[in-house]
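Overview (structure and organization)
Take a look at the letters that make up each chain.
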Amino acid sequence: MKRFSLLLAAVAMLLSAIPAFAQEPVDVNVWIAFTDAGRLGWAQDRAAEFNEMFPQYNVIIEGYANYEELFAATALAAEQDSLPAIVQYFEVATQDARDSGYFTSIAEALGDRTEINGLSVNLDDYVAPVSAYYTLDGEFTSMPWNTSSAIWFNNMNYLNEAGVEIPTTWAEVEAACEAIMALENAPEYCFTFPNHGWFFEQWLAQQDAEFANNGNGRDARATEVTFANEAGVAVLEWLNDMMDKGYLYYSGAQGGASWATVDQAFSSQQIAMAAYSSSDTATYTQVGVDNGFEVVASFLPYNDATGWTGNLIGGASLWLTAGLPEEVEDGALSFLVYMTNTENAASWHQVTGYIAIRESAVEALSDEGWFEENPNFRVASDQLSQSTVTTATAGAILGAFPSIRNVVTQAIDTVLLTDEDPATVLQSAQEEANTMLEEYNLLYSE
């Protein structure tokens, strides 16, 4: 018996001496809302690199078709107690993510650590608008990743032939359209934008107008939306005026479906200019090369009457699931730090057009001449860095925001396709949104 006990002890000592990398790796599941080879493939490549560097972990990236599908899958996984370690949530669902109880903040999980698994942690390196959006109650909540802004793409063949400069304001858009549409070979329409509520939010923020009360939901939980204000009405009246004059192309597609209609209209030169997300800067620049026209990106035009305060961000961030086993949480945190480090932030920007989220990445790209050779890729970063950070340009944080955004999208559709008064339509949308927000807050307010 004594010999058997000694044998067991020897085996235990031997197992304890086996290095960690020889043991079964810990799975770290990551869900993101991309399925294309460019973006999902890029993330999976980073996971493969990470797994090779840290064999004690096995990061597994799974792609979903869009944010909405991922949002629903996450809720179902939570019910089944099978959440992955990391989930990508779009920015508009930030309050929902906080209220869900699924996640813990990055700052809390990191504590006072300045490195993890030898990887340096520097949350102060993020560009100001990104840091401002994801810092809530003084704490860094989720890890920024795919950050964009709404910018303007110009078919310079049309603009040059019409003898007009790239427009910077709504009045200049109208003047440019008048010249472009007078061309002998004029496009069918002058410009377009995806009918997605995010663009309304951008034009609202440019005017330093808030979407919701309580400092856009940043001073305290938002209890009312306020977007039917003078600035909001100005947005709808301008779009309606451009539609009436035959300058604005509106396909009738709404929300996610409207992105594709804009893609088609711009690539086929049915239009001369388009508001779009900087996330597709690489694609839009290449579309011009492939179809024989020059594409130049510029800031999103603003309302002359109010001036420009700045633009807000779009995109999504990566949330860390709460209550993970320590070894899984450390693996997840390590991967988040690795995936968004300076080198990878620069690479992600170059592949997609999402902004380089770290100041160090912007500096590295500048030093290597990237922006000089690819000026379209600089536009979104410049637009955000030149923005004055206010509660309006920091972006609204409120519950039920994805649904409320859809209400705004529908209101724009109504204005563009009927003779209804923009102010009346927007006021009605605001009332509907406030009902949604009130019902949401009844569930989650303390």
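What counts, and where the lines are drawn
Just so you know, the residues in each chain are numbered from 1, in the order the chain's sequence is written. Local features in a predicted model are, by the rule used here, given only for residues with pLDDT of at least 70; side-chain atom pairs are given and counted only at 80 or more, and totals for whole chains, interfaces and linings are based on all residues. Hydrogens and waters are ignored; side-chain quantities use all the structure's heavy atoms. What counts as a domain boundary in this text is fixed by an automatic or database domain assignment. The contact rule is simple, with two residues in contact once any of their heavy atoms fall within 4.5 Å. Summed over both partners, buried area is the accessible surface (1.4 Å probe) that two parts give up on being assembled. For this analysis, a salt bridge means a side-chain nitrogen from Lys or Arg found within 4 Å of a carboxyl oxygen belonging to Asp or Glu. The helix and strand labels rest on DSSP assignments: H or I over at least four residues marks a helix, E over at least two residues marks a strand, and numbering proceeds from the N terminus. A 1.4 Å probe that fits into a set of points on a 1 Å grid over the protein atoms alone but cannot get out defines a cavity; an open set with protein on both sides within 12 Å along at least five of seven lines defines a pocket, and lining residues are those with an atom within 4 Å of a point. Grid points are joined across faces, edges and corners, and a volume is the space filled by probe spheres set on the points. Angles run from 0 to 180 degrees between N-to-C directions of axes, and those axes are lines fitted to C-alpha atoms, restricted for helices to the stretch in contact. Note: crossing handedness is left-handed where the near helix turns anticlockwise from the far helix by less than a right angle, and right-handed where it turns clockwise. Residues are grouped as follows: Ala, Val, Leu, Ile, Met, Phe, Trp, Tyr, Cys and Pro are nonpolar; Asp, Glu, Lys and Arg are charged; every other residue, Gly included, is polar. At least two DSSP bridges between two strands are required for those strands to pair. Only protein chains enter the area calculation, which uses a 1.4 Å probe; residues under 20% of their type maximum are buried, those over 50% are exposed, and those in between are partly exposed.

1. So, the domain arrangement of the protein
Splitting the protein by domain gives domain 1 (26–148 + 313–377) and domain 2 (150–311 + 399–444). A separation of 28 Å is found between the C-alpha centroids of domain 1 and domain 2. Taken together, the 21 residues of domain 1 in the interface contact 22 residues of domain 2. Note on domain 1 versus domain 2: buried area summed over both sides is about 1700 Å², and carbon and sulfur give 47% of it. Of all residues in domain 1, Val92, Asp99 and Asn376 bury the most surface against domain 2, accounting for 36% of the area lost on that side. For the pair domain 1 and domain 2, the interface holds two salt bridges. Here Arg221 makes a salt bridge to Asp99, at a shortest N to O gap of 2.9 Å. Looking at the side of domain 1 that touches domain 2, the elements with two or more residues in it are α4 (94–100), α6 (128–134), β7 (135–136) and α15 (342–352). Ranked by residue count, the leading element in the side of domain 1 that touches domain 2 is α4, at three residues.

2. Describing empty space enclosed by the protein
Per the stated rule, a full pass over the model turns up three cavities of 30 Å³ or more. There is about 100 Å³ of room inside the largest cavity. Mapped onto the lining of the largest cavity, the elements with two or more residues apiece are α9 (197–206) and α20 (401–417). The biggest single contributor to the lining of the largest cavity is α9, with three residues. Shared between two domains, the lining of the largest cavity takes at least three residues from each, and those domains are domain 1 (26–148 + 313–377) and domain 2 (150–311 + 399–444).

3. Overview of the packing of helix α11 (residues 230–244) against α20
Closest axis-to-axis distance for the α11/α20 pair is 9 Å, and the angle between their directions is 35°. Note that α11 runs across α20; the crossing there is right-handed. Residue-level contacts link Leu236, Leu239, Asn240 and Met243 of α11 to Ala411, Ile412, Val415, Leu416 and Leu417 of α20. Looking at the contact of α11 with α20 residue by residue, the class counts come to eight nonpolar, one polar and no charged.

4. Section: the sheet that holds strand β10 (residues 150–155)
With mixed pairing, five strands are arranged side by side in an open sheet as β12-β11-β13-β10-β14. Strands with a single pairing partner mark the edges of an open sheet, and in this sheet they are β12 (248–249) and β14 (295–299). When β10 meets β14, the two strands line up antiparallel, connected through five bridges. Residue pairing across strands places Asn154 opposite Val296, the latter belonging to β14. Sheet strands in contact with α9 are β10 and β13 (273–277), and its direction is about 100° off that of β13.

5. Details of the environment of Asp125
By the secondary structure assignment, Asp125 is in the loop between β6 (119–120) and α6. With a relative accessible area of 12%, Asp125 lands in the buried category. Residues Asp125 and Val30, spaced 95 residues apart in sequence, show a C-alpha to C-alpha distance of 24 Å. Leaving out residues up to four positions away in the same chain, Asp125 has contacts with Thr342, Ile357, Arg358, Glu359 and Ser360.

6. A closer look at the pairing of strand β15 (residues 314–321)
Within β15, eight of the eight residues are buried, which leaves it mostly tucked inside the rest of the structure. Burial along β15 is two-sided: Gly314, Ala316, Leu318 and Leu320 facing one way and Gly315, Ser317, Trp319 and Thr321 facing the other are all buried. Sheet analysis places strand β4 (residues 103–104) next to β15, joined by two bridges and oriented antiparallel. Note that in β15 the partner of Thr104 across the bridge is Leu320. Alignment of strand β9 (residues 143–148) against β15, held across five bridges, turns out to be antiparallel. Pairing of Ser148 across the sheet is with Gly314, part of β15.

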